[in-house]
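If you want the building blocks of each chain, they are given just below.
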Amino acid sequence: MSFLPLLQACQIGECHPRFFRTVIEHKQILSLVATDKEIQHNNVASTSAMELDPVDFRYLIAVGAQRKITIHNTWTSSDCSISCLPEVASVDGQRKHQHKKTINYVQWYPHDTGMFVTSAFDGTIKIWDTNHMKPVETMDIKHAVYNHHISPISASHSLIAAASSVHVRLADMRTGSTAHLLKGHRDNVLYVKWSPKDEFLLATGSEDGRLLMWDVRQAKAILLSLDQHNGDIGGNDARGTKAHSGSVNSLLFNEDGRYLLSFGSDERMRLWNCESGANTLVNYGRIDNNSIHRPLHMAIHHSGASASVVFVPAGRQVFLCDLYTGSCLGRLSEHFSQVRCCEHNKNTLDLFTAAEKSKILIWSPEIAIADNSGIDEAKFETGRNGTSETDRVSRLLQDTWSDSD
Amino acid sequence: MSKRFSSLKSAERTKKKCEFVPWNLEDLVPEHIQNGNVQDALKYICDLSPYIKHSGEMPLIAMKNQLYSVMASRTAVDQGVSHLRETGVIRVFKTSLGQDQFCIMFTIDYIKHITEQFKATCKGEEQPKCLTRFLEEVLSNPTDITVEKEFLIDKHGFKDSDVTELIKIGVLNVKDAGSWWLAIPSVGCFLKLLRKGRQAIIQIIRRTKYREINYKMLLSRKPPTSLKFGFQYHVHDLIGADLVRCINSTTGVLLRIVND
């Protein structure tokens, strides 16, 4: 009911519709709860990465330690009786196409769902045709690939940046060449990310704690080496500046590409200004992180300067942090093992999280669930066999705490 | 913004509820300190401990972690400390306690402490020229946590023997070839007491039945002898260093050890 005054303000023009949207979305995100929705045929072994397709946020692709690739349809009707997301396609059993070892990362082609790219510990990057579920191109790098990324905005190149051991490799999708190396890190590179603003700007994080920004057109490609102390401690340190005292596990750009968020195994997150390379000194507090040798995947809800929320895998929990102020907005704890990746649907505000030893969990705003159940009740009152479903929903929402315990 | 936007306000309230430390419940830390500027918070922390304030020998030190605990937003602390350091109001020093644990002193207190310390240790001796020059030239410009060779020797003309003298007095510590940490003379005494106090409080919490203690109850206890700076000073230090967690409960603020 508290939205009504705001709605009125919106109608008389006192409040911008975008602001109205921001307020409601922010409130919904803070009320995320785990739903009983499940993912069909979900392999219990660890899911290492997943992504929603960037076109209409419909298909969720997930890869994991079992070398299986599955695609799920997340558009289920509001009907409560379907409580699992159907599997639309999968790569399983076709031994000759499969990766030989754990798949580390998967990404949809940024412009349509006809293609996706996977990379694995067996040192190959595969480009798949979604309709046939067969690889159309296999690039052999011969080093374990921890992570890769395709630029979401590139118009003039189609490079896949891949983190392979100590180097970053640029694989060209058009020619199939993987010859271009970016040298500069001293330990395994864990994360690579293209800027959403500049198609030639690449950020990479590594186990040596360094976070480098590259311009891939230049011969001397390192633009910046980010420094956590902003140059206060040791200007002449021969080992170079460090962004984190541990390894850099995760990177995330904000929507306009001006800020970069990094998460390291020193249990800190840092927000960097991409133009100057300065640490903006936003302090998120201590966030659990004991994965030194593998990347984690954060997700972000973009909503301007006041209400952008980051979802951070922190041990067995997922932290919700405000991107620009650093305050902790909440924790989602439902997993029993280490959370490895988060994926956010910006339209429905759903959150997908995957942990090491459990299924993918789907989180929805509590308000939306309550609304849905209201509609269903009305519908089921006319139907005959709907009562059990209504009961089930109401039982879920019921407060089971009692005085007598 | 008009009063109507109640839902945004409620969102802000949720934000506040999830802040690190719920001090405002029982006026444990005054409101104007929590949301005020860093300088006031620093003074507040220095005043918390009567031992540091009145002993005379102890430098007036606050830890950066304590600011995290006292103030509502950690980002405000980091940015405020960085700004004050750049303007030269305060000095930040590295400690041996851990990677993110820094000492903070007001520059005025620092200079006063150095001269007093020198007088106390070397009775009757005249203050060497290099120390006077160090106080006047080096400390007048806002330097970083370290001093570089280019700055000290090339720009200000200190000789190698002067640097040795300064290290002997205790205002510089060797970091690397050609760079030094700024240091507080006889800070070891402070750090020792701080570490002992931390251990004492953690010991107290460990010995309770459920390994947690009400903050008010802790304050009403008789402090053990190893706890020199007072409960409040140490508890703020522990919370800021993420060694103790604060939990909001119906009976007040509970302290619990992290990862225990």
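All of these numbers come straight from a predicted model, not from anything done at the bench.

Draft legend 1. Expanded view of the overall build of chain B. If you tally the helices and strands in chain B, you get 13 helices and nine strands. Buried positions account for 51% of the 260 residues belonging to chain B. Here the analysis covers contacts within chain B between residues at least 6 apart in sequence; of these, 62% occur between residues at least 24 apart. A total of about 13,100 Å² of accessible surface is found on chain B, and carbon and sulfur atoms cover 52% of it.

Draft legend 2. Spotlight on the packing of helix 11 (residues 187-207) of chain B against helix 13 (residues 231-240) of chain B. Residues and elements named next belong to chain B. Closest axis-to-axis distance for the helix 11/helix 13 pair is 10 Å, and the angle between their directions is 85 degrees. The pairing of helix 11 with helix 13 is recorded here as roughly perpendicular in orientation. Of the residues in helix 13, those touching helix 11 at Phe190, Leu193, Leu194, Gly197, Arg198, Ile201, Ile202 and Ile204 are Phe231, Tyr233, His234, Val235, Asp237 and Leu238. Taken together, the residues of the contact of helix 11 with helix 13 sort by class into ten nonpolar, two polar and two charged.

Draft legend 3. Layout of the sheet that holds strand 28 (residues 351-355) of chain A. Residue and element names in this part refer to chain A. The antiparallel open sheet is built from four strands, whose spatial order is 1-29-28-27. Bordering the open sheet on either side are strand 1 (32-34) and strand 27 (339-344), each of which pairs with just one other strand. Averaged over all adjacent pairs, the angle separating strand axes in this sheet is 25 degrees, with direction ignored. Bridge analysis of strand 1 against strand 29 (residues 361-365) gives three bridges, and the strand direction is antiparallel. Along strand 29, the bridge assignment pairs Ala34 with Trp363.

Draft legend 4. Here's a closer look at the pattern of salt bridges. All names here are of chain A. Evaluated as defined, the whole model comprises twelve salt bridges over all chains. Note that Glu267 is salt-bridged to Arg286, the shortest N-O span being 2.7 Å. Of this pair, Glu267 sits in the loop between strand 21 (259-264) and strand 22 (269-273) while Arg286 is found in the loop between strand 22 and strand 23 (299-301), placing the two residues 19 residues apart along the sequence. The class for Arg286 is partly exposed, based on a relative accessible area of 24%. Between Arg294 and Glu356 there is a salt bridge whose closest N-O contact spans 2.6 Å. On the criterion of sequence distance, the pair formed by Arg294 in the loop between strand 22 and strand 23 and Glu356 in the loop between strand 28 and strand 29 is long-range, its members being 62 residues apart. Under the relative-accessibility criterion, Arg294 is labelled partly exposed at 24%. Within the structure, one salt-bridge network assembled from shared partners comprises Glu267, Arg286 and Asp288.

Draft legend 5. The arrangement of the confidence of the model for chain A in detail. In this model, chain A carries a mean pLDDT of 83, and residues with pLDDT of at least 70 account for 84%. Confidence drops under pLDDT 50 across residues 374-388 of chain A; counting only partners more than four residues distant or on other chains, this segment forms seven contacts.

Draft legend 6. Representation of the domain arrangement of chain B within the structure. Residues and elements named next belong to chain B. Each domain of chain B was delimited in the assignment, giving domain 1 (19-92 + 188-257) and domain 2 (126-185). Between the C-alpha centres of domain 1 and domain 2 the distance comes to 31 Å. Domain 1 puts eight residues into the contact, and the matching count from domain 2 is eight residues. Summing both partners gives a buried area of about 600 Å² for domain 1 against domain 2, and 55% of it is carried by carbon and sulfur.

Draft legend 7. Representation of the packing of aromatic side chains in the model. Residues and elements named next belong to chain A. Tallied over the entire structure, the rule returns seven aromatic pairs over all chains. Consider the rings of Phe121 and Tyr146, whose centres lie 5.4 Å apart with planes at 85 degrees: the pair is edge-to-face. Remark: Tyr146 occurs in strand 12 (residues 145-150) and Phe121 occurs in the loop between strand 9 (115-120) and strand 10 (124-129); sequence separation between them is 25 residues. The partly exposed category is assigned to Phe121, whose relative accessible area is 31%.

Draft legend 8. Broad picture of the confidence of the model for chain B. All names here are of chain B. The predicted model of chain B averages 80 in pLDDT, with 88% of residues at 70 or higher. Within the model, the stretch residues 1-7 combines pLDDT values under 50 with 19 contacts to residues more than four positions away or in other chains. Here residues 13-19 is modelled with pLDDT under 50, and outside its nearest four sequence neighbours on either side it reaches ten contacts, counting other chains as well. Under the prediction, the complex receives an ipTM of 0.80, its pTM being 0.83.

Draft legend 9. Highlighting the sheet that holds strand 12 of chain A. All names here are of chain A. In space, the four strands of this open sheet follow the order 12-13-14-15, with antiparallel pairing throughout. Looking at which strands have only one partner, the edges of the open sheet turn out to be strand 12 and strand 15 (180-182). Neighbour-to-neighbour, the strand axes of this sheet turn through a mean angle of 25 degrees, independent of strand direction. In this structure, strand 14 (residues 167-172) lies alongside strand 15, joined through three bridges in antiparallel fashion. Bridge assignment links Leu170 to a residue of strand 15, and that residue is His180.

Draft legend 10. Up close: unusual backbone geometry. All names here are of chain A. You will see that Met133, though not glycine, has its phi angle at about 50 degrees, which is positive. Note on placement: Met133 falls in the loop between strand 10 and strand 11 (134-140). Phi angles above zero are rare outside glycine, and Glu267 is one such case at about 65 degrees.

Draft legend 11. Here's a closer look at the nonpolar core. Residues and elements named next belong to chain B. Within the largest apolar cluster, 61 residues are counted, with the highest numbers of intra-cluster contacts made by Leu67, Tyr110, Phe134, Leu152, Leu172 and Phe190. It is helix 3 (residues 38-48) that provides the largest number of residues to this core, a total of seven residues. There are two domains that each give this core at least three residues, and those are domain 1 (19-92 + 188-257) and domain 2 (126-185). Look past the residues within four positions of Leu172 in its chain and what remains in contact with it is Phe134, Val147, Leu152, Val163, Leu166, Ile167, Trp180, Trp181, Leu182 and Ala183.

Draft legend 12. Highlighting the state of the cysteines. All names here are of chain A. As enumerated under the stated definition, the model contains zero disulfides over all chains in all. The thiol of Cys274 is not disulfide-bonded; the next cysteine sulfur, from Cys321, is found 19 Å away. Given a relative accessible area of 8%, Cys274 falls into the buried group. Looking at the unpaired Cys328, the closest cysteine sulfur is the one in Cys321, lying at 5.0 Å.

Draft legend 13. Spotlight on the layout of surface pockets. Residue and element names in this part refer to chain A. Here the largest pocket defines a volume of roughly 1,200 Å³. In this structure, the largest pocket is lined by 43 residues; those nearest its centre are Glu51, Phe57, Ile300, His302 and Glu343. Counting residues per element, the ones that place at least two in the lining of the largest pocket are helix 2 (17-30), strand 3 (47-52), strand 8 (103-108), strand 12, strand 16 (189-194), strand 20 (248-253), strand 23 and strand 27. Split into classes, the residues belonging to the lining of the largest pocket amount to 23 nonpolar, eleven polar and nine charged.

Draft legend 14. Molecular detail of the UniProt feature "repeat: WD" (unreviewed entry) in chain A. As recorded in UniProt, the feature "repeat: WD" (unreviewed entry) lies at residues 96-138, 182-224 and 241-282 of chain A. Structurally, residues 182-224 of chain A comprises 0% helix and 49% strand, and the distance from its first C-alpha atom to its last is 14 Å.

Draft legend 15. Looking closely at helix 8 (residues 129-138) of chain B. Residue and element names in this part refer to chain B. Among the residues making up helix 8, those that are buried are Cys130, Leu131, Phe134, Leu135 and Val138. End-on, the buried residues of helix 8 take up no more than an arc of 140 degrees, which puts them together on one face. Exposed side of helix 8, more than 90 degrees from the buried face: Lys129 and Glu136 are the residues found there. Structurally, helix 8 contributes buried residues whose contacts are with helix 7 (107-121), helix 9 (149-155), helix 10 (160-169), strand 5 (172-176) and strand 6 (179-182).

The rules behind these values
- Residues numbered from 1 in each chain as written.
- Chains lettered and ligands numbered in written order.
- Predicted model: local features only at pLDDT ≥ 70, side-chain atom pairs only at ≥ 80, totals over all residues.
- Heavy atoms only, no water.
- Helix = DSSP H or I, 4+ residues; strand = E, 2+ residues; numbered from the N terminus.
- Buried < 20%, exposed > 50% of the residue type's maximum accessible area, 1.4 Å probe, protein only.
- Contact = heavy atoms within 4.5 Å.
- Areas by Shrake-Rupley, 256 points an atom, 1.4 Å probe, with all protein chains shown as cover.
- Axes fitted to C-alpha atoms, helices over the stretch in contact; angles between N-to-C directions.
- Parallel < 35°, antiparallel > 145°, perpendicular 65-115°, else oblique.
- Nonpolar A, V, L, I, M, F, W, Y, C, P; charged D, E, K, R; others polar.
- Pairing = 2+ DSSP bridges.
- Salt bridge = Lys/Arg side-chain N within 4 Å of Asp/Glu carboxyl O.
- pLDDT = per-residue confidence, 0-100.
- Domains from an automatic or database assignment.
- Buried area = accessible area lost by both parts, 1.4 Å probe.
- Phe/Tyr/Trp six-rings, centres within 6.5 Å; stacked < 30°, edge-to-face > 60°.
- Core = buried A, V, L, I, M, F, W, Y, C linked by side-chain atoms within 4.5 Å.
- Disulfide = S-S within 2.5 Å.
- 1 Å grid on protein atoms, 1.4 Å probe; cavity = no way out; pocket = protein on both sides within 12 Å on 5 of 7 lines; lining within 4 Å.
- Points joined across faces, edges and corners; volume = space filled by probe spheres on them.
- UniProt positions renumbered as here; feature names shortened; annotations may be inferred.
- Arc of directions from axis to C-beta.

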